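If you want the building blocks of each chain, they are given just below.
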Amino acid sequence: MPDPVLELAERGRAFPSEERVRLVDLLLESLQQSTPSDVKEAWDKEIERRIAAHERGEGKVYHLDEVMDEARRLAP
């Protein structure tokens, strides 16, 4: 009997890496409980803080390819 989850995983492996990341994000999002409003508010403020710091040129920015290469190195 075919395993639909394995079949979907095999099909997903054929996607470009950006699309696989998007698929994983969507699947993980479907597992998450709703976020309490105080946590969401705290994250919204943190996101705004990080964007402002980035716009001021603070911090280090990493290219996606560098991050993915390092992730593959750490978890082959």
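Residues numbered from 1 in each chain as written. Predicted model: local features only at pLDDT ≥ 70, side-chain atom pairs only at ≥ 80, totals over all residues. Heavy atoms only, no water.

Draft legend 1. The overall build of the chain, seen in detail. Tallying secondary structure elements over the chain gives four helices and zero strands in all. Seen in sequence order, the chain has helices and strands lined up from the N terminus as α-α-α-α. With the principal axes as the frame, the chain shows a C-alpha extent of 55 × 35 × 20 Å. Here the chain, with 76 residues, has 3% of them falling under the buried criterion. Summing over all exposed atoms, the chain offers an accessible surface of approximately 7,400 Å²; the carbon and sulfur share of this is 59%. (Helix = DSSP H or I, 4+ residues; strand = E, 2+ residues; numbered from the N terminus. Buried < 20%, exposed > 50% of the residue type's maximum accessible area, 1.4 Å probe, protein only. Areas by Shrake-Rupley, 256 points an atom, 1.4 Å probe, with all protein chains shown as cover.)

Draft legend 2. Fine view of the environment of valine 61. Mapped onto the secondary structure, valine 61 falls in the loop between helix 3 (37-55) and helix 4 (64-74). The spacing of valine 61 and isoleucine 47 is 14 residues in sequence and 15 Å in space, taken between C-alpha atoms.

Draft legend 3. Main features of the packing of aromatic side chains. Applying the stated criterion across every chain yields a total of zero aromatic pairs. One residue, lysine 60, lies across the ring of tyrosine 62, its end atom 5.0 Å from the ring centre. (Phe/Tyr/Trp six-rings, centres within 6.5 Å; stacked < 30°, edge-to-face > 60°. Lys NZ or Arg CZ within 6 Å of the ring centre and 35° of its normal.)

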